[in-house]
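# Breakdown of the fold
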Amino acid sequence: MSTYITARAKLIPYTKEHIPDIVKMFQEPDSNKFIRPLQNQTIEEWVVRLSNNAIKNQELLQFWSVYHKDTNEFIGTMNLNKFSDTVIDQIGLHLARDFWGQGYGFELCQPIVKHAFEVRQLKELFWVFEEGHEASKKLALKLGFKQDKQMEDELFDCVLWLYKLTYP
């Protein structure tokens, strides 16, 4: 399985053992502000979702847990999976509050973008975010994603932006 090491972090294929760290992050203030599917769910529902992701990861690597390289402190998660019930391949990250605004997003996304194109051999990759999530938009642009389209998410009653990165 593909573990990646960056300047400050290690990205480890996600397993059920990582669930307590992820649930703790989900409980932080504003952690899920721009992730509607995680809002208004119980801890038990989160655990079921995360357990299902661990099972999916055994078939195809889609999720990573991220820990600080030196201290082993939990930083967050990365994903490279299908967006909802679509054929769109998306990259995403979810950082613990203590790591916001420190450049981790750009650092952690780079090996996953490379994984998408070189290992998974995708021809295009999408960054999907809720309208108003300026930090996500800024990171997508910094990574080289270009605005593609806007769509309505009727299930969660919000507007989503899709930015696209095409294989070089």
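Please refer to the structure higher up on the page.
For the structure given in this document, a descriptive report is provided here. (Residues numbered from 1 in each chain as written. Predicted model: local features only at pLDDT ≥ 70, side-chain atom pairs only at ≥ 80, totals over all residues. Heavy atoms only, no water.)

## So, the pattern of salt bridges
One pass over the full model with this rule turns up five salt bridges. Here Lys82 and Asp89 are joined by a salt bridge, their closest N and O atoms 3.0 Å apart. Of the residues examined, Lys82 reaches a relative accessible area of 39% and is grouped as partly exposed. Take Asp89: its relative accessible area is 11%, and that puts it in the buried class. Salt-bridge contacts for Lys164 lead to Glu124; the nearest nitrogen and oxygen are separated by 3.6 Å. Placement of the pair is Lys164 in strand S8 (residues 158-166) and Glu124 in strand S6 (residues 124-130), with a sequence separation of 40 residues. When salt bridges that share partners are traced, they join Lys82, Asp89 and Arg120 into one network. (Salt bridge = Lys/Arg side-chain N within 4 Å of Asp/Glu carboxyl O. Buried < 20%, exposed > 50% of the residue type's maximum accessible area, 1.4 Å probe, protein only. Helix = DSSP H or I, 4+ residues; strand = E, 2+ residues; numbered from the N terminus.)

## Points about helix H1 (residues 19-26)
Three or more residues of H1 are buried, namely Ile19, Ile22, Val23, Met25 and Phe26. One side of H1 carries all its buried residues, which in axial view fall inside an arc of 160°. Residues of H1 that are exposed and point over 90 degrees away from its buried face: Pro20 and Lys24. Packing partners of the buried residues in H1 comprise helix H2 (43-59), strand S3 (63-68), strand S4 (74-82) and strand S5 (89-95). (Arc of directions from axis to C-beta. Contact = heavy atoms within 4.5 Å.)

## A word on the environment of Gln150
The residue Gln150 is located in strand S7 (residues 146-153) in this model. Sequence-wise, Gln150 and His115 are 35 residues apart; in three dimensions their C-alpha atoms are separated by 26 Å. For Gln150, the residues in contact, after removing those within four places along its chain, are Glu131, Val159, Leu160 and Trp161.

## Concerning the pairing of S8
The buried count for S8 comes to seven of nine residues, which makes it a mostly enclosed element. Direction of pairing for S6 relative to S8: antiparallel, over a ladder of seven bridges. The residue of S8 that forms the bridge with Phe129 is Trp161. As paired strands, S7 and S8 are joined by seven bridges and run antiparallel to one another. Bridging across to S8, Asp153 finds its partner in Cys158. (Pairing = 2+ DSSP bridges.)

## Observations concerning the sheet that holds S7
On the basis of which strands lie adjacent, the open sheet formed by eight strands has the order S1-S2-S3-S4-S5-S6-S8-S7 and mixed pairing. Looking at the sheet topology across the chains shown, the edges are occupied by strand S1 (4-5) and S7. With two bridges connecting them, S5 and S6 associate as parallel partners. Opposite Gln90, over in S6, you have Phe126 as the bridge partner.

## Concerning the pairing of S3
Of all six residues in S3, six are buried, a share of seventy percent or more. Side chains Phe63, Ser65 and Tyr67 of S3 all project onto a buried face; the interleaved residues Trp64, Val66 and His68 project onto the opposite face, where all are buried too. Of the strand pairs in this sheet, S3 and S4 are connected by five bridges, and their pairing is antiparallel. When the sheet's bridge partners are listed, Ser65 is paired in S4 with Thr77. Hairpin geometry of S3 and S4 is characterised by an intervening segment of five residues between the two adjacent antiparallel strands and by a positive phi of about 65° at Asn72.

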